[in-house]
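# Geometric and topological summary
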Amino acid sequence: MARSCREASGMLRRALASRSSEAAIISTRVSLPRGSIPPSPASSSSSSSSREGRRPRFFSTTTTCAERPVDDDEWETVVGLELHVQIGAKTKLFSGAERLYGAEANANVAPFDAALPGSLPAVNARAVELAARLGFALGAHVQSRSSFDRKHYRYPDLPHGYQITQQRSPIALGGSLDVFVDEKAVGGVGGADDGSKRRTLRVERLQLEMDTGKSLKASDGATTVDLNRAGSTLVEIVTAPDLRGAEEAASAAETFQKIVRFLGVGDANMEEGSMRVDVNVSHQTRDGAVVGERCEVKNLNSFRSIARAVAHERTRQIALLERGTGVRRQTRSFDPATGATRNLRDKEALLDYMFAPEPDLPPVVIEPAALRAIKAAVPELPSEADARLTRTRGLAPKLARAIASRGPRTVACFDACADAADAWAKRNGTDAPAAADVANWVTGVLVGAVKRAGVTTRKGKGGSGGEPLRGLPESAGAARVGELLARVAASKSKGDSSIGTSPVGAGITARMAKSVLAAMVSGDSRPIPEIATELF
Amino acid sequence: VGGTSRPRKQAAGGVRRALMSTTAQMSVHATGLAPSGVGGRSGRDRSVFLRKRASRRRVAHVASCSQSLVRSIGDRIRKGETSAEEVTRSYIAAIEGANATIGAFVSVTADDAIAQAKAVDAALRAGEPLGLLAGIPLGVKDNIATASGETSAGSNILSGLKSPYDARVIESLKNANAVVVGKTNMDEFGMGSTTESSAKGATANPWDQTRVPGGSSGGSAAAVAAAQCVVALGSDTGGSIRQPASFCGVVGLKPTYGLVSRHGLVAYASSFDCIGPLASSVEDAAIVLSAIARGDASDFSDATFQNDKSSAAGPAPRDYHSHLKRLEQLVSKPLLGKKFALVKETLGEGVDAGVVGKIVAAAAELEKLGAVVDVVSCPTFGLGLPAYYVLALSEASSNLARYDAIRYGATNTTRSEGLGAEVKRRILMGTYALSAGHSDAYYKRAQETRRLVEIDLNSKLSEYDALLTPAAPTPAYELGGKVNDPLAMFSGDVMTVNVNLAGLPAVVVRAGTVMENGATLPVGLQMVGRPFGEAELLDVAHTFEIATFDAVNGDWAFQGV
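How each quantity is defined
Residues numbered from 1 in each chain as written. Chains lettered and ligands numbered in written order. Predicted model: local features only at pLDDT ≥ 70, side-chain atom pairs only at ≥ 80, totals over all residues. Heavy atoms only, no water. Helix = DSSP H or I, 4+ residues; strand = E, 2+ residues; numbered from the N terminus. Buried < 20%, exposed > 50% of the residue type's maximum accessible area, 1.4 Å probe, protein only. Contact = heavy atoms within 4.5 Å. Core = buried A, V, L, I, M, F, W, Y, C linked by side-chain atoms within 4.5 Å. Phe/Tyr/Trp six-rings, centres within 6.5 Å; stacked < 30°, edge-to-face > 60°. Salt bridge = Lys/Arg side-chain N within 4 Å of Asp/Glu carboxyl O. Pairing = 2+ DSSP bridges. Axes fitted to C-alpha atoms, helices over the stretch in contact; angles between N-to-C directions. Polar contact = N/O pair within 3.5 Å; in protein donor to acceptor, adjacent residues only side chain to side chain. Parallel < 35°, antiparallel > 145°, perpendicular 65-115°, else oblique. Left-handed = near helix turned anticlockwise from the far one by under 90°. Bend = angle between axes of the 7 residues up to and from the residue. pLDDT = per-residue confidence, 0-100. Buried area = accessible area lost by both parts, 1.4 Å probe. Nonpolar A, V, L, I, M, F, W, Y, C, P; charged D, E, K, R; others polar. Disulfide = S-S within 2.5 Å.

### Notes on the overall build of chain A
Across its full length, chain A carries 15 helices and 18 strands. Within chain A, the proportion of its 536 residues that are buried is 57%. For chain A, long-range pairs separated by at least 24 residues make up 71% of all intrachain contacts whose partners lie at least 6 apart in sequence.

Structure (C-alpha cells):
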C-alpha cells in the first residue's frame, strides 16, 4: 500500500539511518527502500493520460517546462498532496493570541508562540471539533482518542525547537474525496455527467499540528522572523499518491479549499498562507519497469504554482530517468518567477526528528456523544447533495449542481419546500409540482424575493455565510412555500384560474404566486388564498 | 502523648530579634546581596570561596519550629502588633546579612516586596479581612516566572531574562497577599542535587557551611532554614524539593503531578515537574498548598482542570490546612487505624547507617501514635533511577532546545557557552536516548518501566496509607564532594525519583539529626501518599511532626538566637 511521504518519512529515516552510505546512491531500477511509492496497481489513468505533461490549458503563464515537452505516453506522473490548513479565523488555538493576517510583524505573539520559558500550549476544543468535522466530511475515521508528539528540528521560525504534531495517533485516518478535472472548469465539486473526469483521492490521515512562524529575507540578505503565525493550529491532510498529473493536483487542492470553506473550518486562503500545499511527485513508466524516486516540493501558495511545480518536476524527473541517472529523493522549493523547482535538501541526509510524546498536552479525547453530534452536524457536501438531488429528486444534473453549489441552506430549503409541496399535494389529492419547478422557484423567485425584502441577515464570503436563504420569516417557511407551489401546480393542472373559487389550488397562477411569495417573505402570515384574494 | 513543652523560641519576635542580630553581624558582607556579587564566580570558585571562610557555626535557623510560623507572624500582623512592612524589611535585612555566606538568594526585589507589604498594611487598616498568607515573606525558586525581577533558572543563558508574566502559582500567592521577596538559587535548570551547578555560584547549607544544601531547590531550602523567608516555592522533578528539605532540616512537599499548575515553571522534564512549598512546618506547607492548588485552564496537565472543567469558574479552592489539629486537640493515639509501609529496599546497602537509624526510630514513633508500620518490599524500587534519567533527560533535551541565546535572556553568548557542563551532559544523554535507533532501547523501555513502578507503588498504596523512606541516602555532604562524579550524584536521587515516575505526592518531615565529622546534620523522613491524597498525607505528617517533636528532635537544640 502506498504511503504518503509524511508517514513514510519516519520509517524511511530509520531505514536509512543504518545504511546511509548505501542509500546515497539510488538508481532508477533498484528496488527502493520501504516507504517509497510503488507502482500503482490498476491506476491506469485513462482520464488524464492524454493531457499529461502538457502545460495545463487554463494557465496562461509560460513555464520552462512548456517549452520542452516530453513524451507523454511512456511516463506517468504520480502525485500525492500534503495540505496544511489553518483552523479557525480569529485566534491562535495553541496559544489564544489574536491571529490577524497582515498585522505588523510579531504584533500578535503570546508567550507560548515565542517559546518563552514557562509558557504552555493549549488546545482549544473548537480546533478539535473543526478538525473532526473536516474528517467526517472526508469520510475519515475520526478517532475518539488522539495524541500529540513533538517533532524536533531547528529552524529560525520554530522558536521551540520542536513542532507539536500528531505523529503516532492522528485525529482522523482514512477517507477520500472525488476530484474532477475538465477542460473548461478545473476543480469544483461538480458532477461527473458533463464530460469532466472523476478521480478518487484517498486521504491517509488528518493531524492537528502547531504552525510555525515565517522566515523572511530582508533586503540586506538577513533573515528576519515573524512569529505572528506561530502557535496557530493547523490541520495537515496527507493523501495517498493517487493523483496523476499537474492538473489533477491543482484541482484536488482547489477541491480541498472549497470543502474547508464550505464547512467553515478555516479561510483556506493560499495567498495569506492559511492553506499551504506540498506536493510529492514521482514518475513511473506505465509498464512499471521503472519507478522513480519522489521529490517533495514544499510550500506552494497558489493552485497555479501547484500545477506549474508538478509540470516542472515532470520535465526534470523524466529527463533524469531517461538519462538513467535516477531521481534523487529531495525536498525542493518552487520559484514562481522562474517556474522552476530548486533543491532545498537531499533526503538522503534525512533529519532525525526524534519524535517523542508531547508531555504538555494530554491525549485528545472526544466522547462518543460529542463525536456523534459533530458527525450529525456535518452538512452534506455539495458533491454529495448534487448526486443525491439527481438520484432521488430526479433533477437534471445542471439544476442539481446549481442548487448544490449555492450551499447547504439552499439545498435544505429546496428539500423542505419540495417535501412540503409533495405532502400538500398528497393531502389534497392534487398533482405535486415538478422538482425542477420547485428548484427554479427556490433558486430564482424565492432568493429574489428575499433579497428585495432585505431579509438576509448575515453577510460574508465563502462557506454558507453568503447564502441568502437564512433567517426566512415563519410566514415564508418551507411548509408555506411548498403549499404555494403545490397550489400553483394544482391550479395549473385543473385549468382553474378564478381566484378563490378553486377549492384546492385557489386558482393561483405562477405570476400571482410571485407576488404572494413576496408578501409572505415580507411577513404576511395569513392563509395563502386570503393573500392571493387581497392582491388580485 | 504530646503536650510536653518544646522549643518555642522562634515566635515572630524572636525571629526578628534573631534576624536583627544576624544583620548586625553580617553587615560587612552586605554587598554580597547584589546578584552580580554572587554571580561573578563559577560554582567551583564559590565552593572554594565558601570553604575558606566557612565555619561550622550555624546561622540562626528556625527549622526546629513545629508550630506554624505563617500563623504566628500573620496573627501579629493582623492584630497590629507589627506590620507587614516591618516583617518584610526584617527578612530582607536577614537576606542581606546572610547572603554572602549562604547564597540562598540570587536576586532580591526589595522595592516591589515593600510596596506589596505596604499594600497589605493599607488593606488591613481599611478593615479588609486578609488571609493567612497576607504579608508573609515568600522566596521563589529562580525557575518560576515572576514579572518582577529576573527569571534565569540558574543559567547564564537566561541571565537578565525578565518574564512578561507571573507564573500561575505566583498570581495565586499574590492574590493571597503573600510578599515575594526574591528568587532563590538552584541548580541550572533544576539539573543537579547540590545547587552547585548554578551559574550564580553555590549555596551553602545553613547547618554547616562547608556542606551543600541539596538541590535543585537548595536556595529555597536554605532560605527557609536560615530564616531568610517564611515559606518558599521549589520545584521537584526527581526529588528537587524533598532532598534539599532533608539536607536543610525543613519540610518539603511535592504535590501530586497535575495538582499545581506548571504555567510559568521553566520546564526541565514536563511530565515530572511539580511546583511545591518548602516551609518550617507541615502546617505552613499546607497553607501554601491551599493557595496554589487551583485549577488552571492554561495548564493542560492540570488534573483539577481536567477533572472539573464542567464548571466555568474552575474548581472550588481547596483547603489543605484547616483540618490540621493543634497539639492539645490530639487524642492519645491519633494515628490509630493508619497503616504505613516502611520500604525495605530504602534501608539497605548504600544508605547511611545514621539515616537508617533515624528512619527506623521515626517509624517506631509512628507506632507509638497508634499506627501500624510494616516493612514492605517494593520490587520495582531499583528500576526507577535509570528509567527516570532516560525519560527526564529526553524531555529535557526537547525542552531546552529553545535556548539558543538569540531571542531572550543572554544574547551575547552562544548555546555552548551559555549552558553549563551538567546541562550539556544531560541534553546530550537525552538526545541520544531519543535518537532514531536508540529510542526503542532506551525511551520506550523506560516508559514501560515507569508504568511498572506506578503499578507497584499504587498497589502498595491501596493497602497502606503512606510509604515511608528516607528522603536521601545520606545527610548533606561536603561542597564539591560529588561534582566530579555525576553517577554518584544521580544515585543520590534513588529515594525520590520513583515518586515522580508515579506522579504521587510526598512530604518530607524532620526525623532528627545525625553527627558527621563533628557536624550536626538533619535527616528527613519521606512519606509518600495516594494520588491527590495530600489532605490525608499532610494530616499524618502534621500529626507526626507535632506529636513527636521532642522525641524525634530531642537533640535538635536550637542555638544561636
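Having seen the model, we can carry on.
### Observations regarding the nonpolar core
B:Phe189, B:Leu233 and B:Met527 are the most contacted members of the largest nonpolar core, which has 163 residues in total. Look past the residues within four positions of B:Phe189 in its chain and what remains in contact with it is B:Ala153, B:Ser155, B:Ile157, B:Leu158, B:Val266, B:Tyr268, B:Leu400, B:Tyr403, B:Leu419 and B:Val423. Counting residues in hydrophobic clusters, the runner-up holds 69 residues, among them A:Phe112, A:Leu134, A:Ile171 and A:Leu361.

### Describing the packing of aromatic side chains
Each aromatic ring pair is characterised by the separation of its centres together with the angle its planes make. A full pass over the atoms with the stated rule returns nine aromatic pairs over all chains. Measuring from ring centre to ring centre gives 6.1 Å for A:Tyr153 and A:Tyr353, while their planes differ by 75°; the resulting arrangement is edge-to-face. Taken together, the positions of A:Tyr153 in the loop between strand S4 (149-152) and strand S5 (162-165) and A:Tyr353 in the loop between strand S16 (340-346) and strand S17 (356-357) put the pair 200 residues apart, joining distant regions of the chain. With relative accessibility at 13%, the residue A:Tyr353 sits in the buried group. Both rings, one in B:Tyr403 and one in B:Tyr408, keep their centres 6.4 Å apart while their planes meet at 75°; by these two values the pair is edge-to-face. What links up through ring pairs into an aromatic cluster is the set B:Phe272, B:Tyr388, B:Tyr389 and B:Phe490.

### Topic: the pattern of salt bridges
Across all of its chains, the model carries 46 salt bridges over all chains by this definition. In this structure, A:Asp360 and B:Arg262 form a salt bridge, with 3.0 Å as the shortest nitrogen-oxygen distance. With A:Asp360 in the loop between S17 and strand S18 (364-365) and B:Arg262 in the loop between strand S5 (251-254) and strand S6 (274-279), this pair bridges two chains. By relative accessible area, A:Asp360 is classed as buried at 4%. Residues B:Asp208 and B:Arg211 are paired through a salt bridge, measuring 3.0 Å at the closest nitrogen-oxygen approach. As far as burial versus exposure is concerned, B:Asp208 and B:Arg211 are alike and both buried. Residues participating in the shared-partner salt-bridge network are A:Glu380, A:Arg388, A:Arg393, A:Asp415 and A:Asp419.

### What about the sheet that holds strand S11 (residues 519-528) of chain B?
All names here are of chain B. If you walk across this open sheet you meet the eleven strands as S1-S3-S2-S4-S6-S5-S10-S11-S9-S7-S8, and the pairing is mixed. Every other strand in the sheet has two partners, leaving strand S1 (105-108) and strand S8 (372-376) as the edge strands with one partner each. In this sheet, neighbouring strand axes are inclined to one another by 30° on average, regardless of whether the strands run parallel or antiparallel. In this structure, strand S2 (residues 137-141) lies alongside strand S3 (residues 179-184), joined through five bridges in parallel fashion. Among the inter-strand pairings, Pro-137 is bridged to a residue of S3, identified as Val-179. Contacts from helix H6 (residues 110-125) reach S1 and S3, with the element oriented near 155° to S3.

### A word on the side chain of A:Arg199
Residue and element names in this part refer to chain A. Mapping Arg-199 onto the fold places it in strand S8 (residues 197-210). According to the relative accessible area criterion, Arg-199 is buried, its value standing at 12%. Among the polar contacts listed, one links the side chain of Arg-199 to the side chain of Glu-248, at a separation of 2.7 Å.

### Focus: the packing of helix H6 (residues 246-262) of chain A against helix H7 (residues 303-323) of chain A
All names here are of chain A. At a minimum axis separation of 8 Å, H6 and H7 run at an interaxial angle of 155°. Taken as axis vectors, H6 and H7 run roughly antiparallel relative to one another. Along this stretch, H6 crosses H7, giving a crossing that reads as right-handed. For the pair H6 and H7, contact is made by Ala-246, Ala-249, Ala-250, Ala-253, Glu-254 and Gln-257 and by Phe-303, Ile-306, Ala-307, Val-310 and Ala-311, respectively.

### Topic: helix H5 (residues 84-102) of chain B
All names here are of chain B. At Glu-96, H5 shows its largest kink, close to 30°. A large share of H5 lies buried, amounting to 15 of its 19 residues. Gly-103 sits one or two residues past H5 and shows a positive phi near 65°.

### Some words on the sheet that holds S5(A)
All names here are of chain A. With respect to topology, three strands assemble into an open sheet ordered S5-S4-S17, the strand pairing being antiparallel. Looking at strand neighbours, the two that pair on one side only are S5 and S17, the edges of this open sheet. Across four bridges, the pairing between S4 and S5 is antiparallel. Each residue of the ladder has a partner; that of Lys-151, found in S5, is Gln-163.

### With respect to the pairing of strand S10 (residues 223-226) of chain A
All names here are of chain A. Pairing analysis gives four bridges linking strand S9 (residues 214-217) to S10, with the strands arranged antiparallel. Bridge pairing in S10 links Lys-214 to Asp-226. In sequence, S9 turns back onto S10 through a hairpin of five residues, with Gly-221 there showing a positive phi of about 95°.

### Some thoughts on the confidence of the model for chain A
When pLDDT is low, close inspection of the predicted coordinates is not appropriate. All names here are of chain A. Of the residues in chain A, 75% have a pLDDT of 70 or more, and the chain-wide mean is 79. Confidence scores differ between elements of chain A, with helix H2 (residues 20-23) showing the lowest mean pLDDT of 30 and strand S6 (residues 172-173) the highest of 98. Note on residues 1-70: pLDDT is under 50 here. Beyond four places in sequence and across chains, it has 135 contacts. Across residues 497-501, confidence stays below pLDDT 50; counting only partners more than four residues off in sequence or on other chains, it has ten contacts.

### So, the side chain of A:Asp242
Residue and element names in this part refer to chain A. With respect to the element layout, Asp-242 can be found in the loop between strand S11 (233-239) and strand S12 (243-244). Residue Asp-242 is classed as buried on the basis of its relative accessible area of 9%. Within the structure, the side chain of Asp-242 is placed 2.6 Å from the side chain of Arg-202, a separation counted as a polar contact.

### Side note on the interface of chain B and chain A
Of the residues lining the interface, 32 residues belong to chain B; the matching set on chain A comes to 29 residues. Between chain B and chain A the total buried area reaches about 2300 Å² when both faces are included, carbon and sulfur atoms providing 57% of it. Viewed at the interface, chain A and chain B are joined by one salt bridge. At the junction of chain B and chain A, the tally comes to 17 residue pairs in polar contact (both at pLDDT 80 or more). Sorting the residues of the side of chain B that touches chain A by element identifies helix H13 (384-399), helix H15 (421-434) and helix H16 (440-463) of chain B as the ones contributing at least two each. Per element, the largest residue contribution to the side of chain B that touches chain A is three residues, and it comes from H13(B). Of the residues belonging to the side of chain B that touches chain A, the class tally is 14 nonpolar, twelve polar and six charged.

### Focus on unusual backbone geometry
All names here are of chain B. Following Gly-215, the chain continues into Ser-216 via a peptide bond in cis, with omega recorded as 10°. Tracing the backbone shows Ser-216 in the loop between S3 and helix H8 (218-225). In the Ramachandran plot, Thr-195 falls in the positive-phi region, its phi being about 70° despite a non-glycine side chain. Tracing the backbone shows Thr-195 in the loop between S3 and H8. Its relative accessible area of 0% is what places Thr-195 among the buried residues. Residues other than glycine seldom take positive phi values, yet Asn-517 does so here, at roughly 50°. Counting through the fold element by element, Asn-517 comes out in the loop between strand S10 (506-516) and S11. With relative accessibility at 63%, the residue Asn-517 sits in the exposed group.

### Quick look at the environment of A:Asp422
Here A:Asp422 is to be found in helix H11 (residues 408-428). Taking the C-alpha atoms as reference points, A:Asp422 and A:Gly482, separated by 60 residues in sequence, lie 7.7 Å from one another.

### Here's the deal with the state of the cysteines
Residues and elements named next belong to chain B. Summed over the entire model, instances satisfying the criterion amount to zero disulfides over all chains. Cys-229 takes part in no disulfide bond, and the closest cysteine sulfur, belonging to Cys-248, lies 11 Å away. In this structure Cys-229 comes out as buried when scored by relative accessible area, which is 1%.

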